[in-house]
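Chains, contacts and geometry: an overview
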Amino acid sequence: MNQSSPFFTNDAVVLGILMVTLALIFYSTTLSLFEKFYKIVPSILLCFFIPGLLSSFNIISASESQLDETASRFLLPTCLVFFTLSVDFKAIKRLGGKALFVFFAGALGVMVGGPLGFWIGKMIDPSFLGKEGEEVWRGLATIAGSWTGGNANQLALKEIFQPSPAVFAQTSVIDVLFAELWLGLLLYFVGKAAIIDKKMKADDSVIHEIRARVELENAKQKNPTFQELFILLAVGFGITGIAHLIADKITPFVEINYPALKAYSLASKSFWIVTIASLSGLLLSNTRARNLEKLGSTKIGTVFLYMLIATIGMQLHIFEAFQNPMLFVVGLIWIFTHAIFTIIAAYLVKAPFFFTAVGSQANVGGVASASVVAAAFHPSLAPIGVLLAILGNAIGTYCGYLTGLALQWLSH
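Fair warning: this is a prediction, and the values are worked out from it, not measured in the lab.

So, on to the overall build of the protein. The helix and strand inventory of the protein stands at 18 helices and 0 strands. For the protein, buried positions account for 55% of its 412 residues. Sequence separation of at least 24 residues holds for 84% of the intrachain contacts in the protein that already meet a minimum separation of 6. Summed over all atoms, the accessible surface of the protein reaches about 18,800 Å², with 67% contributed by carbon and sulfur.

Structure, rendered in structure tokens:
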């Protein structure tokens with residue numbers, strides 16, 4: 001890594017560069033000129049790797065900036081609040097047991113596949129585990145969060161397990177590469193869904209019923225007033241403030257009285273912040289506060305998320321990302337295990353391929369990919385993908401945390 005001072009060191013300038021970068025990426029997705037390009041390269045990959053390239057060429061540097069820490073402390077817990085705030089447990093229940101069974105089987109496949117791939121990789125080449133402070137398991141734990149929830153969960157686990165920038169860069173490549181390859185494979189089979197359902201003896205009538213219900217009940221978001229926007233921000237940042245306040249009290253208490261819990265990251269302030277923020281959002285989702293979704297809480301949360309992704313991207317050192325080829329073996333075993341769990345679960349309950357594809361992407365791909373796959377069946381079904389992905393956002397941090405502990409145990 002280049003040790004000389006980066007070209008831009010002023011955080012105001014760096015933030016401006018990152019925001020312009022994000023704006024150009026998302027503007028280019030609307031241009032027909034880049035239509036074929038974005039069918040191959042997902043926009044979120046560019047949000048990670050363009051800042052990574054700027055950092056690799058020493059134009060900007062995370063080590064010379066406070067933006068990463070600021071975003072992770074303030075924007076991450078706030079976007080977790082906004083994402084979990086919109087969970088509609090009644091609507092999820094109406095999807096039926098088959099959809100939830102396939103979804104949770106997919107999450108279990110991720111939780112099993114990661115440690116399995118890690119163990120096999122360790123047997124083949126023990127040196128791939130990394131050195132002290134750069135343990136590979138820390139980076140792989142962030143993939144577990146990404147593949148059971150989404151990017152917000154991944155970044156929450158990054159704060160909890162603290163992988164080194166080099167390890168995070170390597171595992172981010174694995175995350176995006178195999179997630180997008182699996183997405184492409186699922187989209188290919190969408191056109192063959194009727195044939196697959198026939199062979200699996202699945203009843204797809206429930207899909208038609210859901211589509212009709214969604215078309216009737218799909219409520220449009222309202223344009224929030226000035227006052228409503230401040231209420232929305234007050235809830236998000238207010239809970240973030242409370243999470244920080246409680247974490248400031250719990251962390252030293254655990255460190256002093258229960259030092260053994262440090263091994264499980266329970267003495268990490270970041271762990272308590274993201275946990276309290278997520279649980280608060282889930283609790284509020286059962287109250288009238290869930291109506292804030294109509295004011296665009298998820299949209300604002302997504303904006304915060306991509307700002308966070310860009311600041312994290314500053315830590316990626318692209319030229320170091322392919323220095324651990326064994327990670328590609330781990331990634332292949334991991335995604336294959338998830339696929340097997342999902343397909344077997346669908347076969348056992350005779351679930352239509354729609355639930356297989358959308359349930360899988362609600363885990364591995366998050367809101368964007370799950371809604372894209374659902375919309376590939378029919379545009380009116382996109383909210384179903386969002387609904388399952390929101391459930392993934394709700395459980396992803398916890399599933400990833402447990403997987404991370406399993407990876408830590410296997411590493412020793």
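Having seen the model, we can carry on.
With that out of the way, let us pick up helix H1 (residues 11–28). Across its 18 residues, H1 extends 25 Å between first and last C-alpha, which sits within 8% of the 26 Å expected from 1.5 Å per residue. By the burial criterion, the buried members of H1 are Val-14, Leu-18, Thr-21, Leu-22, Ile-25 and Ser-28. Viewed along the axis of H1, the buried residues span an arc of 140 degrees, placing them on a single side of the element. For H1, exposure combined with an orientation more than 90 degrees from the buried face picks out Ala-12, Leu-24 and Tyr-27. Buried residues along H1 sit in contact with helix H2 (35–40), helix H3 (43–56), helix H4 (67–85) and helix H14 (297–313). Its side-chain oxygen at 2.8 Å from the backbone nitrogen of Ala-12, Asn-10 defines the N-terminal cap of H1.

Before going further, it helps to spend a moment on the packing of aromatic side chains. By the definition in use, this model includes 13 aromatic pairs. With 5.1 Å between their ring centres and 80 degrees between their planes, Phe-37 and Tyr-38 make a pair best called edge-to-face. Directly above the aromatic system of Phe-168 lies the positively charged group of Lys-158, at a separation of 5.5 Å from the ring centroid. The aromatic ring of Tyr-347 is capped on one face by Lys-350, whose charged end is 4.2 Å from the ring centroid.

Across its 16 residues, helix H13 (residues 269–284) extends 22 Å between first and last C-alpha, which sits within 8% of the 22 Å expected from 1.5 Å per residue. Every buried residue of H13 is accounted for by Ser-270, Phe-271, Ile-273, Val-274, Thr-275, Ile-276, Ala-277, Ser-278, Gly-281 and Leu-282.

Going through the model one piece at a time under the given rule, you end up with 2 salt bridges. Of the charged contacts in the structure, one is a salt bridge between Arg-138 and Glu-135, with a shortest N-O distance of 2.8 Å. What makes Arg-138 partly exposed here is its relative accessible area of 22%. Relative accessible area serves as the criterion here: at 13%, Glu-135 is assigned to the buried category. Residues Asp-248 and Lys-269 are paired through a salt bridge, measuring 2.9 Å at the closest nitrogen-oxygen approach. Of this pair, Asp-248 sits in helix H12 (residues 226–257) while Lys-269 sits in helix H13, placing them 21 residues apart in sequence. For Asp-248, a relative accessible area of 38% corresponds to the partly exposed category.

With that settled, consider a nonpolar patch on the surface. Together, Leu-108, Val-112, Leu-116, Trp-119, Met-123, Ile-124 and Val-329 line one region of the surface with nonpolar side chains, adding up to about 610 Å² of accessible area. Ranked by the residues each element gives to the nonpolar patch, the list is headed by helix H6 (residues 97–124), at 6 residues. Mapped onto the secondary structure, Val-112 falls in helix H6.

Conventions adopted
- Each residue is numbered by its place in its chain's sequence as written, counting from 1.
- The predicted origin of the model limits local features to residues at a pLDDT of at least 70 and limits the giving and counting of side-chain atom pairs to 80 or more, whereas totals for whole chains, interfaces and linings rest on all residues.
- Only heavy atoms go into the side-chain values, all of them from the structure, while hydrogens and water stay out.
- Helix and strand assignments come from DSSP, with helices taken as H or I runs of at least 4 residues and strands as E runs of at least 2, each series counted from the N terminus.
- Burial here depends on accessible area, computed with a 1.4 Å probe over protein chains only, as a share of the maximum for the residue type. Under 20% is buried, over 50% is exposed, and the range in between is partly exposed.
- When checking whether two residues touch, look at their non-hydrogen atoms; a contact exists if any pair is within 4.5 Å.
- For the area figures, the Shrake-Rupley method with a 1.4 Å probe applies, and any residue is considered shielded solely by the protein chains shown.
- Working rule for helices: expected span equals 1.5 Å times residues minus one.
- To obtain the arc, one takes the directions from the helix axis to the C-beta atoms.
- Think of a polar contact as two N or O atoms within 3.5 Å of one another; within protein, one of them needs to be a possible hydrogen donor and the other a possible acceptor, and neighboring residues in sequence only count if both atoms come from side chains.
- Note on aromatic contacts: the rings of Phe and Tyr and the six-membered ring of Trp form a pair at centre separations within 6.5 Å, being stacked when their planes are under 30 degrees apart, edge-to-face when over 60 apart, and tilted otherwise.
- Note on criteria: charge over ring means Lys NZ or Arg CZ within 6 Å of the ring centre, with the direction from the centre no more than 35 degrees off the ring normal.
- We count a salt bridge whenever a side-chain nitrogen from Lys or Arg sits within 4 Å of a carboxyl oxygen from Asp or Glu.
- Like-charged residues within 9 Å of one another, or nonpolar side chains (Val, Leu, Ile, Met, Phe, Trp, Tyr) within 5 Å, are grouped into patches, provided each residue has over 30% relative accessible area and no salt bridge.

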